[in-house]
Amino acid sequence: MRNANSRTLETSLRLDAIVNHLGIAKHWEDNGHMEVDVISACRDKVSSLLTKIEPKGEILAQVIATHFQVQFEEVRTNFDIDKLEEVYLYGKKELGFAQVREEIASPSVDALLFQRINATSSDRDRWVAILNLTITEDRAYWNKFHELAHRLAEPPQPVLPFKRQKVNDRDEVERLIDLVAGSIAFHPSLFSPHVSPLQKMPLSFEIVEMVRQAYAPTASLLSVTNAIVSAWPRPALAFVASMQPKRSGDGTRLDLRVQPQSRNKLAVEANLILRPNMRVPINSAVYETFRTGISSLVTESTNIWTFSTGGSIPIHPITLAGISLGERVYGIMSLS
Amino acid sequence: MSQEISRRIEIGVRIKKIRTDKNMTGKELSNIAQISQGYLSEVERGLSEVSGEKLMRIAEGLGVGVQDLIARESALAEAKNSLIIPNALSEAAEDLGLSFSHTVRLLQGAHSLMARRSSGTQSEWTKQQWKDFYGKVKLLLEE
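Residues numbered from 1 in each chain as written. Chains lettered and ligands numbered in written order. Predicted model: local features only at pLDDT ≥ 70, side-chain atom pairs only at ≥ 80, totals over all residues.

## Section: the overall build of chain A
Reasoning step 1: If you tally the helices and strands in chain A, you get 12 helices and eight strands.
Reasoning step 2: Computed over C-alpha atoms, the radius of gyration of chain A comes to 22 Å, within 12% of the 20 Å expected from 2.2 N^0.38 for 336 residues, which places it in the range of a compact globule.
Reasoning step 3: Considered along the principal axes of its C-alpha atoms, chain A spans approximately 60 × 50 × 45 Å.
Reasoning step 4: Counting the 336 residues in chain A, one finds 40% classified as buried. (Helix = DSSP H or I, 4+ residues; strand = E, 2+ residues; numbered from the N terminus. Rg over C-alpha atoms; globule rule 2.2 N^0.38 Å. Buried ≥ 20, exposed ≤ 12 C-beta atoms within 10 Å, placed from the backbone.)

## Examining the pairing of strand β1 (residues 113-118) of chain B
Reasoning step 1: In terms of burial, β1(B) is largely enclosed, as six of its six residues are buried.
Reasoning step 2: Pairing analysis gives five bridges linking strand β2 (residues 109-115) of chain A to β1(B), with the strands arranged antiparallel. Looking across to β1(B), one finds that Ala111(A) is bridged to Arg117(B). (Pairing = 2+ DSSP bridges.)

## Regarding the environment of Tyr330(A)
Residues and elements named next belong to chain A.
Reasoning step 1: Along the chain, tyrosine 330 turns up in strand β8 (residues 328-334).
Reasoning step 2: A tally of 22 C-beta atoms within 10 Å means that tyrosine 330 is categorised as buried.
Reasoning step 3: For the pair tyrosine 330 and phenylalanine 205, spaced 125 residues apart in sequence, the C-alpha to C-alpha distance is 8.9 Å.
Reasoning step 4: Tyrosine 330 has contacts with Leu221, Leu222, Thr225, Val240, Ile323 and Leu325, leaving out every residue within four places of it along the chain. (Contact = placed C-beta atoms within 7 Å.)

## Points about the sheet that holds strand β3 (residues 127-132) of chain A
Reasoning step 1: The four strands lie next to each other as β1(A)-β3(A)-β2(A)-β1(B), forming an open sheet whose pairing is mixed. Of all strands in the sheet, those bounded by a partner on one side alone are β1 (70-75) of chain A together with β1 of chain B. Neighbour-to-neighbour, the strand axes of this sheet turn through a mean angle of 15°, independent of strand direction.
Reasoning step 2: Two elements, β2(A) and β3(A), share five bridges in a ladder whose sense is antiparallel. Opposite Gln115(A), over in β3(A), you have Trp127(A) as the bridge partner. (Axes fitted to C-alpha atoms, helices over the stretch in contact; angles between N-to-C directions.)

## Remarks on the confidence of the model for chain B
Note: predicted coordinates in regions of low pLDDT should not be interpreted at a detailed level.
Reasoning step 1: On average, chain B scores 82 in pLDDT, and the residues at 70 or more come to 85%.
Reasoning step 2: The least confident element of chain B, judged by mean pLDDT, is helix α5 (residues 72-81) of chain B at 51; the most confident is helix α8 (residues 127-142) of chain B at 93. (pLDDT = per-residue confidence, 0-100.)

Written out as structure tokens, the structure reads:
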């Protein structure tokens, strides 16, 4: 999160509304502390719903949505938009739904959350979350939890001191909402039972896929990878690598470069780290996975992960897993 | 009956209605809201005053907002107090000859889209965008 002094007025008011709504203490000068409190408060709000349900992500999403009066609507074709307009715009006189067609036409829009004006306090569709699946279904699972996180963390519109505007995901509040979404989507009490029996095995994409199928088949491989890395009982981190130019170069030469995705607390303590945009060594198994498309699971040393300016990342013997997805490679590094 | 007691009873009735609509028992709600079952029962019957903090916990337990539990008139008054009409909408309303209530309904409709997840940027609507939005909902507004 950014420093509190660099926030816009609207962001500050929205964050203020969130902490008031959740009844937590303000820590404006300690953003990390505030994030932890917000996540914890949102988890508490759903904890009573977890006791009787099957440990599956899709069921969790539906149970939370039902309890908090959120109706999910999925849009794949124009016919789906016609139906939404028929039900909400013309049927329930919700004027806001006149915006749906134009919003969904934008490929950059993943999801929309409406708070219905004409709903009663007991309507099951008092909030309507519309998922844009016209191009890809990849982010559907994550976006459901992102919209639920909005519902959990933010007060309903009428009690906001400052009307909310449509925002994009670079907004500071949206990043906070993403953290909440991650903590709920892979809630430890439901997710950990899927990971625990596999903890003695080397961390591989085979494990990731097994857990994904068992817990949330509609979740993306990357989101499950990040969740497993967080829950793993040994130091671990995940990354995505693709052909990218050097940041300070002229942009003409492309190398396979890393974008870190997640890193668990144990990895932080063990100083297992990758730097953004560093090159994947050509003698690493991950590079071979990128070249051949064949998945890898090997042990190697981080001493080959060097910088162009000299030196390497802290040296560890690691288990390295790689899997190729189109023009990208997903990787996991873990310590034994 | 004093206004205070009447308000207390109204809140209690609302809590009980929403709880039963959601098929929750008093025990379940009191556990989630961290209050005793006896106290919840008194609140639902309008026999006990409920503090703001406890009302918030009850609302959270029910999955609704606090304003759903208080009188609708109070919630509407609160909403009215926080109403800010953007300049672009004011100008569009003037051009279109819209009444104040139609202008407010347009604003509420636009703001009912409370969040969008997007990698693109979003700026305040221009006068023309408000006019375009009005064009889409004109018939519904005039019904």
